[in-house]
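This is what each chain is made of:
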Amino acid sequence: MSETQPAKPAAPRRDHPRTHHGDTVNDPYAWLNDRNDEKAPEVLEYLKAENAYTESRTEHLAELRKTIFGEIKDRTQETDLSVPYRKDAWWYYGRTEEGKDYPIRCRLAATGDTPPSIEPGVPVAGEIVVIDDNELAAGHDFFLLGVYDISPDGNLLAYGVNYTGNETFTLRFKDLRTGEDLPDAIEGVLYGGAWSADGSAFFYTKIDDAWRPFQIWRHLLGEAEDTLIYQEDDARFRTGIGLTRSERFLIIAIGSSTTTEYRYLDAADPTGEFTLFGNGREQGVEVEIDHQGDRFWVLHNKHAENFTLGWTPVDDTTQFHEVIAHDAEVRLESADAFAEHVVVSLRRAGLSQLAILDSEGALSEIAFDEPIYTVGLGANPDYESRHLRLTYTSLVTPASVYDYDIDNRDLLLRKQTPVLGGFDPAHYRQYREWATATDGTKIPISIVAKDGVEADGTAPCLLYGYGSYEASIDPYFSTARLSLLDRGVVFAIAHIRGGGEMGRQWYEQGKLLHKNNTFTDFVDAANHMVKVGWAAHDRIIARGGSAGGLLMGAVANLAPERFAGVLAEVPFVDALNTILDPTMPLTVGEWEEWGNPLESAEVYQYMKAYSPYENITGVRYPSILAVTSLNDIRVGFHEPAKWVAKLRHESPDSDVLLKTEMEAGHGGRSGRYDAWEEEAFNLAWVLDKLGAAQIA
């Protein structure tokens with residue numbers, strides 16, 4: 001084989017027995033998770049060999065990748081800006097500039113309630129650059145801004161930077177009056193944080209050795225020593241802190257997958273003691289709170305699977321007064337309090353909704369014309385506002401920003417993301433199908449195709465799925481996806497159990513000892529796409545990432561003949577070994593999602609029966625592209641590396657590739673141009689496997 005065509009890597013096999021509940025299993029690729037100084041170079045060399053092999057196997061797609069990258073770039077208005085939002089004396093917005101990877105965050109002095117008219121690329125009189133991400137990122141291959149929080153008086157900025165992808169940040173402070181950084185700097189901070197009302201103190205979160213956010217600290221500006229405010233010792237629980245929109249209270253949130261607890265403090269008294277909200281944590285009861293006037297609004301699921309909404313007095317948080325009762329058909333997802341109203345985010349029949357609860361207790365939903373769409377809250381920091389900023393999208397409608405006049409019930413479109421190159425939404429069609437699962441459950445599928453592509457059983461199809469953590473994969477527009485649609489590919493989202501699309505019971509039916517429903521739902525959705533003609537029987541690619549990567553590995557084992565290919569991004573494919581190891585990042589907190597196989601033989605056997613790595617056989621698998629990142633702390637790179645190595649050994653004739661980003665984390669490469677290149681690589685592979693590389 002020539003130097004330009006590297007040999008297929010074959011990872012060494014080394015005995016590594018694992019025994020639990022009387023079951024001994026040899027894990028010959030466990031060494032790929034060994035990162036100690038002595039063995040790390042061998043692991044890195046293996047990953048580099050896999051990258052070289054993947055590059056050689058996809059070399060014929062170089063021109064197609066270049067073409068797709070150009071299509072994404074040409075459709076994007078590279079010099080653009082967001083819709084300004086009002087906070088006290090300032091309008092805040094972000095800009096992007098052609099040739100720059102990251103946003104520039106700006107503000108303008110406010111002179112009215114209407115957002116200022118700003119044109120992309122036109123200098124703005126009076127503009128103040130709060131922070132330029134491009135300057136912070138200069139000289140680094142990776143950049144992530146994980147903290148961005150302006151003090152209530154608008155004078156100070158707390159910001160946190162990361163240059164590796166491991167999602168911990170160096171926290172710094174900037175005086176926005178002078179434009180200078182303060183000398184204060186704090187290492188090892190997690191996302192988010194909160195200012196005190198007077199801006200004298202900033203509260204932040206730190207992680208333990210398992211990457212669990214477990215401590216809340218207080219930093220008084222100018223002081224060298226910070227104060228530990230709260231530490232959570234139960235390894236199932238994670239912590240965070242925020243400031244209410246009213247700026248009246250600081251709230252510490254403590255939560256596991258099934259249980260939450262809150263503590264609150266007058267934001268004007270940053271050195272005071274936090275007070276326990278209500279009666280504290282109760283196993284299996286989830287709570288969300290927000291402040292309004294003399295009350296806290298409370299969303300909870302005690303004896304209410306889909307949640308109920310009410311309030312408690314600020315001076316007695318144990319007394320709950322119900323306002324919206326539980327509804328088995330409507331999942332209440334959140335409640336955001338403003339001075340005179342509450343915005344309720346809810347879900348009905350698989351679609352997201354927004355409703356306004358006024359001071360008289362009347363609830364009115366905001367209506368939209370499209371049959372399939374996604375709506376959510378935008379930036380709404382103004383507690384007194386009677387206008388609601390919301391975001392809207394669908395499979396055919398680019399991301400849009402609206403202001404909703406609460407008094408007149410009018411929607412005003414402020415901006416729709418430009419899509420250049422002659423894009424016309426009328427040239428695309430979206431559909432909703434319902435597949436019948438193995439147990440008779442109806443599974444919603446959202447579908448989009450180019451106008452003229454018919455459900456005649458010939459079309460290539462990319463089917464996406466996730467199905468975990470009650471995360472809903474709602475219909476959304478993608479500029480990059482047009483490169484598939486314009487080549488005649490049908491794109492579909494299978495809203496499978498384990499997600500939250502159809503309410504809390506949808507999630508409960510796809511977790512713990514019901515997890516198999518997630519996998520069989522996806523296969524049933526794929527079969528339905530073939531049955532109704534939206535996909536050719538031999539032209540379906542499955543795509544999913546993270547926990548959706550577990551789905552990809554599971555369905556490749558469950559129904560390898562159904563798929564022409566599987567694109568697995570940062571895939572959680574070694575699930576059993578990870579959940580068996582409480583020293584791994586985030587594992588203990590995951591036991592309420594997957595079960596605890598250390599303690600339960602039943603959970604162990606159940607997980608062993610579906611964990612992708614455990615169930616590889618000698619069958620011919622569909623073509624597989626596994627994409628991972630070296631610095632991913634959520635799903636370690638070793639999981640797809642082990643998976644690919646075992647697939648190669650057990651099924652040597654299968655077409656399996658591994659691609660590792662060497663300077664990235666869970667979300668992949670950070671700059672927008674790098675991200676476009678990464679997506680162009682993925683889409684070129686998809687089109688190649690579908691035989692659909694040419695524009696239709």
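Numbers given to residues run from 1 along each chain, matching the order in which its sequence is written. Owing to the predicted nature of the model, reporting of local features is limited to residues with pLDDT of at least 70; listing and counting of side-chain atom pairs is limited to 80 or more, with chain, interface and lining totals taken over all residues. For the side-chain quantities, the full set of heavy atoms in the structure was used; hydrogens and water were omitted.

## Considering the sheet that holds strand S24 (residues 330–337)
At step 1: Only strands that DSSP links by at least two bridges are regarded as paired with each other. Labels follow the DSSP assignment, with helices taken as runs of H or I lasting at least four residues and strands as runs of E lasting at least two, numbered in each case from the N terminus. On the basis of which strands lie adjacent, the open sheet formed by 4 strands has the order S24-S25-S26-S27 and antiparallel pairing. Lying at the two open borders of the sheet, with one neighbouring strand each, are S24 and strand S27 (363–365). In this sheet, neighbouring strand axes are inclined to one another by 30° on average, regardless of whether the strands run parallel or antiparallel.
At step 2: By the bridge criterion, 7 bridges tie S24 to strand S25 (residues 341–348) in an arrangement that is antiparallel. In the sheet register, leucine 332 faces S25, and the bridge partner there is leucine 346. An axis is simply a line fitted to the C-alpha atoms; with a helix, the fit covers only the stretch in contact. Between two such axes, the angle follows the N-to-C directions and lies from 0 to 180 degrees.

## A short note on the side chain of serine 611
At step 1: Position of serine 611 relative to the elements: it lies in the loop between helix H10 (601–610) and strand S38 (623–629).
At step 2: Burial status follows relative accessibility: with a 1.4 Å probe on protein chains alone, a residue under 20% of its type maximum counts as buried, one over 50% as exposed, and anything between as partly exposed. Take serine 611: its relative accessible area is 0%, and that puts it in the buried class.
At step 3: Pairs of N or O atoms are called polar contacts if they sit within 3.5 Å, as long as, within protein, a hydrogen donor faces a hydrogen acceptor (for residues adjacent in sequence, only side-chain-to-side-chain pairs). Side-chain polar atoms of serine 611 contact the backbone nitrogen of alanine 575, separated by 3.3 Å.
At step 4: Among the polar contacts made by the side chain of serine 611, one reaches the main-chain amide nitrogen of leucine 576 at a distance of 3.3 Å.

## Re the pairing of strand S26 (residues 351–358)
At step 1: In terms of residue burial, S26 counts as a mostly covered element, since 7 of its 8 residues are buried.
At step 2: One ladder, built from 8 bridges, connects S25 with S26; its direction is antiparallel. Note that in S26 the partner of leucine 346 across the bridge is glutamine 353.
At step 3: What sits between the antiparallel neighbours S25 and S26 is a turn of 2 residues, in which alanine 349 has the positive phi angle 55°.
At step 4: Examined bridge by bridge, S26 and S27 share 3 bridges and lie antiparallel to one another. For isoleucine 356, the partnering residue across the bridge sits in S27 and is serine 364.
At step 5: Once S26 ends, the chain turns through 4 residues before running back antiparallel as S27, passing glycine 361 with a positive phi of about 90°.

## Considerations on the packing of aromatic side chains
At step 1: Stacked, edge-to-face and tilted are the three classes for Phe, Tyr and Trp ring pairs, Trp counted by its six-membered ring, which pair at centre distances within 6.5 Å; planes under 30 degrees apart are stacked, over 60 edge-to-face, the rest tilted. For the structure shown, the criterion picks out 28 aromatic pairs.
At step 2: Measuring from centroid to centroid gives 5.9 Å for phenylalanine 143 and tyrosine 163, while their planes differ by 40°, and the two rings are tilted. You can see phenylalanine 143 sitting in the loop between helix H3 (133–137) and strand S8 (144–150) and its partner tyrosine 163 sitting in the loop between strand S9 (156–162) and strand S10 (169–175), a full 20 residues away along the chain.
At step 3: Residue class for phenylalanine 143 comes out buried when judged on its relative accessible area of 3%.
At step 4: Given the relative accessible area of 27%, tyrosine 163 is considered partly exposed.
At step 5: Ring geometry for tyrosine 264 against phenylalanine 277: centres 6.2 Å apart, planes inclined by 75°, an arrangement best described as edge-to-face. Of the two residues, tyrosine 264 sits in strand S18 (residues 260–266) while phenylalanine 277 sits in the loop between strand S19 (275–276) and strand S20 (287–292), which places them 13 residues apart along the sequence. The residues tyrosine 264 and phenylalanine 277 share a single accessibility class, namely buried.
At step 6: The residue whose ring lies beneath arginine 14 is tryptophan 31, and the NZ or CZ to ring-centre distance is 4.5 Å.
At step 7: Lysine and arginine charges are scored as sitting over a ring when NZ or CZ, respectively, is within 6 Å of the ring centre and within 35 degrees of the ring normal. Directly above the ring of phenylalanine 681 sits lysine 659, whose terminal nitrogen or CZ lies 4.7 Å from the centroid.

## Examining unusual backbone geometry
At step 1: You will see that phenylalanine 307, though not glycine, has its phi angle at about 80°, which is positive.
At step 2: Along the chain, phenylalanine 307 turns up in the loop between strand S21 (295–300) and strand S22 (308–313).
At step 3: For phenylalanine 307, a relative accessible area of 5% corresponds to the buried category.
At step 4: Residues other than glycine seldom take positive phi values, yet serine 546 does so here, at roughly 65°.
At step 5: Along the polypeptide, serine 546 turns up in the loop between strand S36 (540–545) and helix H7 (547–558).
At step 6: The exposure class of serine 546 is buried, given its relative accessible area of 15%.

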